[in-house]
Amino acid sequence: MAAPTEAAGTAPPIDTTGTSSSATAHKPPRYLRQYELIDRVKAYDPSADEALLNRAYVYAMRMHGSQLRASGDPYFAHPIEVAGILTEYRMDTATICTALLHDVIEDTNATRADIAAMFGEEIADLVEGVTKLSKLELAAEHARQAENLRRFILAISRDVRVLIVKLADRLHNMRTLHFLKPEKRERIARETLDIYARLARTIGMHRITSELEELAFENLNPVARDAVVRRLATLRASQGPAVAMVSGEVTEALSEAAVSARVVGREKTPYSIWRKLQRKSVGFSQLSDIYAFRVIVESEDDCYRALGVIHRVWSMVPERFKDYISTPKRNNYRSLHTTVVGPRGLRIELQIRTEEMDRVAEQGVAAHWRYKDKSYGFDAEAAELSGGRDPLLSLGTLAQVLNNGGDPDEAVEHAKLEMFLDHTFVFTPKGQLINLPKGAMPLDFAYAVHTDIGDTTVGVKINGELKPLRTPLQNGDVVEVIRGPKRVTPPDWRSLTITGRARSAIRRHIRANEREEFVRLGRAGIEHAFVRAGKNLAEVSLRPAMDRFAAATEEDLYEAAGRARIPPEQVLEALYPGLKLEEKAAAGARRRIEDGKSARLFVRGGGLTPGVSLHFASCCSPVPGDRIVGIVQPDEGLAVHVIDCPRLAEYEDREELWRDLHWTPEAETATISRARLTATIRNAPGVLGQACTLIGEAGGNIVNLRMHHRQADFFDADFDIDVKDAKHLTHIAAALRACPSVEEVERGGG
Ligand code: MN
């Protein structure tokens, strides 16, 4: 029975440094010593030709001489490690020698004749076979790819050991891929996924298949892999304990029926999960999404008995049952597969098989090399018994497809990965994968799931915790949207979204009710112009202006002015031709908005609702109590700035864009607003803590903290703080400035 930790550790090793190869250039190279390799072979093949192995080891070492690998290791460490991998598959002496010699024809001046003279024809043939494979560029352009694949398959069809050595060669190269340049890495990883992993699967070597896939996945799409791995980690934490429980209950049910079995929970690999997520838009949240249970029994009969017991105790999920024992897969994989609604209603996937079937499932054709009748080699009889098909025959079919169909796309298509390098992968609470651009925020997520969800989003929980809507999402986050009863648009939605999808949905939503607000805004603008000219809007008819600007109604005229399509001054001129606007000469922001000389537009606080034609400028993030002005932005409404915001200098000469704004009385006394302080802080232990304490003591609630421009001596920190009003914010800034480690404090930033 598997303990959860044991089960969690069953994914293939992703140790890219290899199990025993040298890890980095800094450490002395570590590879299998001559005697270690011999010992390993001797352990499973007492008849092994030690002298031959020794000669091959020394010859490879001498021929590769001082050549170096990209890792900085001596080149000969590579063939030795490849030989080491093959001892794990208990391969015969000729195969181990071939592994040791597999690069000498290609990379040194050794010839086939040299190899034949020293090691015999069998090994010479094998080495030549591997050399041929190495020369074929499998990832070549399509037309040539098909031809190369055909030749490749021909070469390995003669002796499957050629392919086995080639796969071990590729596995070691993938484990050390990080030493290569990124472009090269990508090409090799893609070829590995498209061709080698597929070939390994064809001959049933699933353990190598998984490791090749994982390593390729890691190189081709690290972002996606990271997302799946993180998600796996959280699921492991929550579902892991169930693994032991399920294993225990299944074992118990079987033993009550007198079937002795070993039940092991196996965690699925990130790549297999990713492939499933790609294939169908299914979730990734249940036990059965991450674990499969293996029920290992003693005989083929026991497989069916175990199945009977399991189906009697728990109800099976229809259409999930497969009998690969009576009908083995082409690569001789045999097992019974079923899915049941198991203990505590958990859906569980089970694979029922014997020990021997399990070995074939992991090692494929390589499982049949064994010691028998005082010699070691391929056991045709055992191969026959366990499925009986020559897996290489199916390679022939592949070659045919490539030859006749002429569609290499089809052959390699299944494993193609999309490149989503700049993406963030997050999950819905039900485990659905949502793919967003990097930097996306909860509203982007909500709109990616459904427009209705986006429209009603009022809050968000990320990984179970309430977070502000401005939180950038991280890979692997589980995002749960909190919805309100009606449609809402946060006033600062521009800073809360980055995806076109979310933004266009919000704009669509806004357009529906924005007219009213632009009318209000335009009317205020025109009033403003009238007041400054000493006229009273209420005393005149707007007819001449409506005629001049082709506005059907007064409201249309106001709307056009609100959208800044008609300058308010021209409305005034249409009614009072030749009127001199003395104020035009006036300059300076403060004069422009002197109290009493202009119409006032009141603004509610705590977020400018309804937020369609009014929004806070992110440069200064005004809070109630600040002296504010609005700048008209064509078709975007008013941007609200603090009167001394430096950005206002840009509008110094555009008097017509300025609007006087005031907070409503409620806003002035309103509860809480959010503001940002950017502080430059001397880098010393504990200073950030001090700053936070100071803010807290001053009654400010820090909702977000971001550090940037980090240098050895100083760093900048943005504090997003909930404050009561402008006065409160000033108070906090002053408290911070008083801190000796704080060099400078500014409003805004970001
Ligand atoms: Mn090699």
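Residues numbered from 1 in each chain as written. Predicted model: local features only at pLDDT ≥ 70, side-chain atom pairs only at ≥ 80, totals over all residues. Heavy atoms only, no water.

Peer 1: Please give an account of the overall build of the protein chain that cites residues and values.
Peer 2: The number of helices and strands found in the protein chain is 30 helices and 22 strands. Among the 750 residues that make up the protein chain, the fraction classed as buried is 53%. Look at the contacts in the protein chain between residues 6 or more apart in sequence, and 69% of them connect residues 24 or more apart. Total accessible area computed for the protein chain in this model is approximately 33,600 Å², and 50% of it derives from carbon and sulfur atoms. (Helix = DSSP H or I, 4+ residues; strand = E, 2+ residues; numbered from the N terminus. Buried < 20%, exposed > 50% of the residue type's maximum accessible area, 1.4 Å probe, protein only. Contact = heavy atoms within 4.5 Å. Areas by Shrake-Rupley, 256 points an atom, 1.4 Å probe, with all protein chains shown as cover.)

Peer 1: Pulling in residues and values, what's your account of the packing of helix α10 (residues 160-175) against helix α12 (residues 206-220)?
Peer 2: A pair of packed helices can be characterised by two numbers: the angle between their axes and the separation between those axes. Viewed as axis vectors pointing N to C, α10 and α12 meet at an angle of 35 degrees, and their least axial separation amounts to 10 Å. Pair α10 / α12 crosses with left-handed handedness. Here α10 contributes Leu167, Arg170, Leu171, Met174 and Arg175 to the contact with α12, which in turn contributes Ile208, Glu211, Leu212, Leu215, Ala216 and Asn219. Among the residues making up the contact of α10 with α12, the classes are represented as seven nonpolar, one polar and three charged. (Axes fitted to C-alpha atoms, helices over the stretch in contact; angles between N-to-C directions. Left-handed = near helix turned anticlockwise from the far one by under 90°. Nonpolar A, V, L, I, M, F, W, Y, C, P; charged D, E, K, R; others polar.)

Peer 1: Give me the packing of aromatic side chains: which residues, what numbers.
Peer 2: Applying the stated rule across the entire model yields five aromatic pairs. Relative to Phe76, the ring of Tyr31 lies with its centre 5.4 Å away and its plane at 90 degrees, an arrangement referred to as edge-to-face. Of this pair, Tyr31 sits in the loop between α1 (4-8) and α2 (34-44) while Phe76 sits in the loop between α3 (50-64) and α4 (77-88), placing them 45 residues apart in sequence. There is no split in this pair, since Tyr31 and Phe76 are both buried. Put simply, the rings of Phe217, Tyr271 and Trp274 touch in pairs and so form one group of aromatic residues. One Lys or Arg, Arg33, reaches over the ring of Tyr31 and ends 4.8 Å from the middle of that ring. (Phe/Tyr/Trp six-rings, centres within 6.5 Å; stacked < 30°, edge-to-face > 60°. Lys NZ or Arg CZ within 6 Å of the ring centre and 35° of its normal.)

Peer 1: I'd like a rundown of the sheet that holds strand β20 (residues 701-708), residues and numbers included.
Peer 2: Taken in spatial order, the four strands line up as β20-β21-β19-β22 in an open sheet, and their pairing is antiparallel. On the outer flanks of this sheet lie β20 and β22 (742-747), each paired with one strand and no other. Taken pair by pair, the neighbouring strands of this sheet meet at an average axis angle of 20 degrees, ignoring direction. Across ten bridges, strand β19 (residues 673-682) lies against strand β21 (residues 714-723) in antiparallel orientation. Residue pairing for β21: Ala679 is matched across the bridge by Ala717. Of the strands in this sheet, β19, β20 and β21 are in contact with helix α29 (residues 687-697), which crosses β21 at around 20 degrees. (Pairing = 2+ DSSP bridges.)

Peer 1: So what's going on with the coordination of the manganese ion? Which residues, and what values?
Peer 2: Binding of the manganese ion to the protein goes through His78 (NE2), His102 (NE2), Asp103 (OD) and Asp169 (OD), at separations of 2.2 to 2.4 Å. We note that the donor set of the manganese ion lies within a single chain, spaced as H-x23-H-D-x65-D. Here His102 matches Asp103 in class, with each residue buried. (Donors = N, O, S within 2.8 Å, 3.2 Å for Na, K, Ca; no water.)

Peer 1: Hey, could you go over helix α26 (residues 568-575) for me, with residue numbers and the actual values?
Peer 2: Counting buried positions along α26 yields six of eight residues, so the element is predominantly enclosed. When α26 is considered as a whole, its buried residues turn out to be Pro568, Glu569, Val571, Leu572, Ala574 and Leu575.

Peer 1: Go over the pairing of β20 with me, naming the residues and quoting the values.
Peer 2: Bridge analysis of β20 against β21 gives seven bridges, and the strand direction is antiparallel. The residue bridging Arg706 from the neighbouring strand is Asp718, located in β21.

Peer 1: So what's going on with the pattern of salt bridges? Which residues, and what values?
Peer 2: Using the criterion set out here, one finds 33 salt bridges in the structure. The salt bridge involving Arg563 is made with Glu559; its shortest N-O contact spans 2.9 Å. Of the two residues examined, Arg563 and Glu559, each falls in the buried class. With a closest N to O distance of 3.0 Å, Glu743 and Arg682 form a salt bridge. Remark: Arg682 occurs in strand β19 and Glu743 occurs in strand β22; sequence separation between them is 61 residues. On the basis of relative accessibility, which here comes to 45%, the residue Glu743 falls in the partly exposed class. What you see here is one network of salt bridges that share partners, running through Arg266, Arg294, Arg353, Asp358 and Glu362. (Salt bridge = Lys/Arg side-chain N within 4 Å of Asp/Glu carboxyl O.)

Peer 1: Before we move on, can you summarise the side chain of Thr457 with the specific residues and values?
Peer 2: Along the chain, Thr457 falls in strand β11 (residues 457-462). Among the residues examined, Thr457 registers a relative accessible area of 3% and is labelled buried. A distance of 2.7 Å separates a polar side-chain atom of Thr457 from the backbone oxygen of Ile453. With sequence-adjacent residues up to four places away left out, Thr457 is seen in contact with Leu443, Ala446, Leu469, Val481, Ile482 and Val488. (Polar contact = N/O pair within 3.5 Å; in protein donor to acceptor, adjacent residues only side chain to side chain.)

Peer 1: Tell me about the side chain of Asp358, and name the residues and values.
Peer 2: Along the chain, the position of Asp358 falls in helix α17 (residues 355-363). For Asp358, a relative accessible area of 13% gives the class buried.

In short, shape yes, function no, at least from these values alone.
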